[in-house]
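Structural features, examined
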Amino acid sequence: MKHIEINSIQNAFLVYIDVDSLNKKNKLENSFEEFKNLVTSSGTLIKDYVSFNQKTPVINTFISKGKLEILMDEIQKKNIDLVIINHELSASQTRNLENFLNKRVIDKTELILDIFATRASSHIGKLQVELAQLNHLSTRLIRGWTHLERQKGGIGLRGPGETQLETDRRLISKRIKRLNQRLDKSHKQKQINRYSRKKSRNKLVALVGYTNAGKTTLFNKITESSQIAEDKLFATLDSVTRKNKNPEMGPILFSDTVGFISDLPTQLIESFKATLDELKAADLLLHVVDISDKDRKVKLIKVNKILKDLGLEDIPQIIVNNKIDMISDLKLEALRKRKAKDIFLSAEDSNEFDHLNYLINETLFNGMYQGWVSLDNNLGNIRSMLFDMGCMEEERVSSDGKMLANIKIGNDELEQLIKLEGFEIYPDKDIIFNTINN
Ligand SMILES: Nc1nc2c(ncn2[C@@H]2O[C@H](COP(=O)(O)OP(=O)(O)OP(=O)(O)O)[C@@H](O)[C@H]2O)c(=O)[nH]1
Ligand SMILES: [Mg+2]
C-alpha cells in the first residue's frame, strides 16, 4: 500500500509529449523546461529524454504505437530505472505502458504528489499529502479491481490477489476517513485562530503566485523570517503566517503559501482545499510574478484562474513583479510605463520596498494616520479598543486636562472614530508633555 517513492530511484527517462488535441489556449512556452525542473526538484536524475508531437492520446497506452516502439528501443539501450511522462495517465494506461516497456512508469500527477510528499513538514501538510496520495491510489486500485474481475471470467472463485485488493481498498478508505477527520479537527483549530485574528483587527495579506516566483524570499524580507527559499519548484508547501516588522505599516499579518502550477493535480487541489480556503480570509493578495520569466503572462493567467476556482477573485490584488535585477533597465522602464499600477522590485533587495509598503497601507487602510487625538473621559471603551487593536503608541494629558493619545490607525477606521462625540484630531503644536502613568 506504500506509495511509490521515486526519490530512491536515480535514473529517469523523460518522455515529453506535445499533444495537439490537449493544447489549450494558454500553453507555456517553456513547458518542457518546467517538466524537467519538476523532475529535478523531486531529486531524480534525468538520464535522457525524448520529446515528440502527437495528434491525440491513444486510449490504451496514451503514446501512439509507432512512437512507443521507438521509445522501447531508446530505453533498452540505457540504464534506466523509471520512465516519467509529462501528462496525467489513467491507471490502465500506466499499467499497459509498464507492461510494454518493462519499466516503472510515473505520470505527472504522481511526480507532483511525490514532490509534495518529500516537502511536507507540518502536521496538516503531511496529512493533506497523504490524503492526496491515497485518493490517487484508490482510483488506481478500483480500476485494478475491475480489470482483474474481467480477467477472472467464469471461474467464480476469489483468488488471493483479489482478496488482497479488497483488503487494501478497505484499509485505504478507512485511512482516508481517519485522515479527513484529523484534518477537520486541525482546520477547526485554525478557524479559532482566525477568529482571534479578526478580533485583534490584524489585516491578513497572502502572498500567492506561480511556483518559484519568489514569494518566500519576499515574505522573509517583509517579516524578517527565514523560511526556506530555493530555486526548486514547490519549495514551500506549508503556509506560514507572521507579523510584519515595518513600523510604518498598519497591523498586518503576512501569509506565505504553496505556489501554483499549471494543471495542478485535482487530488492535490481537493486535499489542500481547506488550506487554500484559508486564503479566503485574506484582505489583500500580493500576486508575485517572476518578471524575467518568458511565460510570465500565461502563468499570471493560470494563477488567476486557480484563484477564481478557489473563489478568491474578489479579494484586492497587487501584482508584484519580482526579480527586476534579471532584466535590462530598458525593458524595466518600458514595463513600468505599461503597468503603472504594478509594483516592480527585487525581493532580494529590501531597499525597493517603499512603494509596495505604501500601496499595501493605501489598499488596506486607505492610508495610515499617525498622530495625536483627544478623547473625552466618557470614551474609555474607545481607549481600550485602541489598546486592543495595537494602535496606541503613547498617552498624555493636555494642559486643559484632556486625555490625549498618539495613535497609528488606518484612515478608514479613523473616519469612523471622528464621527464620535468627544473624539478629535489634536494638533501637535498644542501638546503639553505630561505622560500618563498607567
Ligand atoms: N535574481 C533574483 N532571484 C530571486 C529573487 N527573488 C527570489 N529569487 C530566487 O528565486 C528562487 C525561488 O524563490 P522562492 O522565494 O523560493 O520562490 P517561491 O515563490 O516561494 O517558490 P515556491 O515556494 O516553490 O512556490 C530562489 O532561488 C530565490 O533565490 C530576485 O528578486 N532576484
Ligand atoms: Mg515559497
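Keep in mind it's a predicted model, so treat the numbers as computed, not measured.

The subject of this paragraph is the overall build of the protein chain. Of regular secondary structure, the protein chain possesses 13 helices and 15 strands. When each of the 438 residues of the protein chain is scored for burial, the buried share is 48%. Total accessible area computed for the protein chain in this model is approximately 22600 Å², and 49% of it derives from carbon and sulfur atoms.

Right, let's talk about the site of ligand 1 for a bit. Lining the immediate surroundings of ligand 1 are 23 residues, of which Lys215, Thr216, Thr217, Ala235 and Asp325 lie closest. Between ligand 1 and the protein, one listed contact pairs an oxygen atom with a side-chain N or O atom of Thr217 at 2.5 Å. In the complex, the protein chains occlude 91% of the 660 Å² of accessible area that ligand 1 would expose alone. With three residues, helix H7 (residues 215-223) is the largest single contributor of residues to the shell around ligand 1.

Time to look at the coordination of the magnesium ion (ligand 2). All of the protein donors around the magnesium ion (ligand 2) are Thr216 (OG1) and Thr236 (OG1); their distances to the metal are 1.9 to 2.0 Å. Of this pair, Thr216 sits in helix H7 while Thr236 sits in the loop between H7 and strand E6 (240-243), and the two are 20 residues apart along the sequence. Note on accessibility: Thr216 and Thr236 belong to one class, buried.

It is worth spelling out the nonpolar core at this point. Counting 45 residues, the largest nonpolar core has Phe35, Leu38, Ile84, Phe116, Phe234 and Ile261 as its most contacted members. The set of elements that each furnish at least two residues to this core consists of strand E1 (11-19), helix H1 (31-41), strand E3 (82-85), helix H4 (108-119), helix H5 (123-152), strand E5 (203-209), helix H8 (266-277) and helix H9 (296-309). No other element matches H4, which puts five residues into this core. Leave out the neighbours within four places in its chain, and Phe35 touches Leu14, Val15, Tyr16, Ile84, Ile85, Asn86 and Leu111. Formed by 24 residues, the second largest nonpolar core is a distinct cluster that contains Val205, Met249, Leu284 and Leu345.

A separate point is the environment of Val288. When you line up the elements, Val288 lands in strand E8 (residues 284-290). We classify Val288 as buried; its relative accessible area is 2%. The residues contacting Val288, other than those within four sequence positions of it, are Leu207, Val208, Gly209, Tyr210, Ala213, Gly214, Lys215, Leu218, Val320 and Asn322.

The subject of this paragraph is the sheet that holds E3. Here four strands make up an open sheet; going across it, the order is E2-E1-E3-E4 and the pairing parallel. Single-partner strands in this sheet number two, and they are strand E2 (45-54) and strand E4 (104-106). Taken pair by pair, the neighbouring strands of this sheet meet at an average axis angle of 20°, ignoring direction. For E3 and E4, the ladder comprises three bridges, and the chain directions are parallel. In the strand pairing of E4, Val83 is matched with Val105.

With that out of the way, let us pick up the packing of H4 against H8. When two helices pack together, their arrangement is given by the angle between the helix axes and by the axis-to-axis distance. Taken N-terminus to C-terminus, the directions of H4 and H8 make an angle of 35°; their axes are 9 Å apart at the nearest point. Between H4 and H8, the contacting residues are Thr109, Ile112, Leu113 and Phe116 on the first element and Gln267, Leu268 and Phe272 on the second. A class-by-class count of the residues in the contact of H4 with H8 yields five nonpolar, two polar and no charged.

The rules behind each value
- Residues numbered from 1 in each chain as written.
- Chains lettered and ligands numbered in written order.
- Predicted model: local features only at pLDDT ≥ 70, side-chain atom pairs only at ≥ 80, totals over all residues.
- Heavy atoms only, no water.
- Helix = DSSP H or I, 4+ residues; strand = E, 2+ residues; numbered from the N terminus.
- Buried < 20%, exposed > 50% of the residue type's maximum accessible area, 1.4 Å probe, protein only.
- Areas by Shrake-Rupley, 256 points an atom, 1.4 Å probe, with all protein chains shown as cover.
- Near = heavy atom within 4 Å.
- Polar contact = N/O pair within 3.5 Å; in protein donor to acceptor, adjacent residues only side chain to side chain.
- Donors = N, O, S within 2.8 Å, 3.2 Å for Na, K, Ca; no water.
- Core = buried A, V, L, I, M, F, W, Y, C linked by side-chain atoms within 4.5 Å.
- Contact = heavy atoms within 4.5 Å.
- Pairing = 2+ DSSP bridges.
- Axes fitted to C-alpha atoms, helices over the stretch in contact; angles between N-to-C directions.
- Nonpolar A, V, L, I, M, F, W, Y, C, P; charged D, E, K, R; others polar.

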